Amino acid sequence: MSSSDIFIGETIGTAVLILLGGGVCAAVTLKRSKAQNTGWLAITFGWGFAVLTGAYLASGVSGAHLNPAVTLGLAIQGGTEWSDVPLYLASQLLGAMIGAVLVWAVYYGQFHAHLTDPEILKAQPAEEGLADQSAAPGAGPVLGIFSTGPEIRNAVQNVVTEVIATAVLILAILTQGLNNDGNGLGTLGALVTALVVVGIGLSLGGPTGYAINPVRDLGPRIVHALLPLPNKGGSDWSYAWVPVVGPLIGGALAGGLYNLAFA
């Protein structure tokens, strides 16, 4: 596939992924949203459908990586040229930022109502479902719409959680090539991947919010820092390295394990 295919597919696919995934977080979190307080099941299935939609849109154009951990795992496995990796990663980050801006545009009024509500401002950071201020120092009341955060802030545990969850995802993607005489599952693979993401969210997402994708966290976190949101609070940059490093390690481990066990 050409460089333009990679750029267009990954940018649009990742933007849609973050638009729908961040959108369900906004729907569940924000005041004056019809879906407010619908909970974790809504979030996990919303992100699964986000993956399904983004992957389906981009699969025929760029291969629908939509995730640097996927790109890294595929490069180690041999399914992606290393020379294409920087373009994949840059396109994914751009798409993630575009998707986050679109979430803000869709919920513009709800963001304003939420962030100017005295009860919300008094409740920080409990609004994000965090136990206390030490769990997310400086995190604002809507950061959870854009980025992930741990319930218990322990760097080693948080990284290990992201490594394991991401490795499960990448292995599930890589082993699709073992089906159908090595031809993969085609567009059906997007559905399988989406269901795996739902499963990861339900089973492994509790400790950290399951970033399992560096740009899913980093791109929207950058947008949160830049958007003119009133009373938005901090972007919790002290934690931002975890959902980047953990998934990349998980993707690399999955690629290596695939070569050892399945190749």
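For the structure, check the block above.
Quantities reported herein were computed from a predicted structural model and do not represent experimental measurements.

1. Details of unusual backbone geometry
Even without a glycine there, the phi angle at Ala-64 is positive, about 55°. As for its position among the elements, Ala-64 is in the loop between α2 (40-58) and α3 (68-77). Even without a glycine there, the phi angle at Asp-236 is positive, about 55°. Turning to its location among the elements, Asp-236 is positioned in the loop between α10 (214-226) and α11 (242-261). You can call Asp-236 buried: its relative accessible area is 5%.

2. Focus: helix α8 (residues 155-174)
Over its 20 residues, α8 runs 28 Å from end to end, which matches the ideal 28 Å to within 8%, given 1.5 Å per residue. Of all the residues in α8, the buried ones are Asn-158, Val-159, Thr-161, Glu-162, Val-163, Ala-165, Thr-166, Ala-167, Leu-169, Ile-170, Ile-173 and Leu-174. Its buried side turned inward, α8 meets α3, α9 (188-204) and α11.

3. Quick look at the packing of helix α4 (residues 85-106) against α10
Close contact between α4 and α10 brings their axes to 8 Å; oriented N to C, the two are set at 50°. On the basis of their axis angle, the class for α4 and α10 is oblique. The chirality of how α4 crosses α10 is right-handed. Residues Leu-89, Gln-92, Leu-93, Ala-96, Met-97, Ala-100 and Val-101 of α4 form the contact with α10, whose own contacting residues are Val-215, Leu-218, Gly-219, Pro-220, Ile-222 and Val-223. Across the contact of α4 with α10, the residue classes tally to 11 nonpolar, two polar and no charged.

Rules used throughout
- Residues numbered from 1 in each chain as written.
- Predicted model: local features only at pLDDT ≥ 70, side-chain atom pairs only at ≥ 80, totals over all residues.
- Heavy atoms only, no water.
- Helix = DSSP H or I, 4+ residues; strand = E, 2+ residues; numbered from the N terminus.
- Buried < 20%, exposed > 50% of the residue type's maximum accessible area, 1.4 Å probe, protein only.
- Expected span 1.5 Å × (residues − 1).
- Contact = heavy atoms within 4.5 Å.
- Axes fitted to C-alpha atoms, helices over the stretch in contact; angles between N-to-C directions.
- Parallel < 35°, antiparallel > 145°, perpendicular 65-115°, else oblique.
- Left-handed = near helix turned anticlockwise from the far one by under 90°.
- Nonpolar A, V, L, I, M, F, W, Y, C, P; charged D, E, K, R; others polar.

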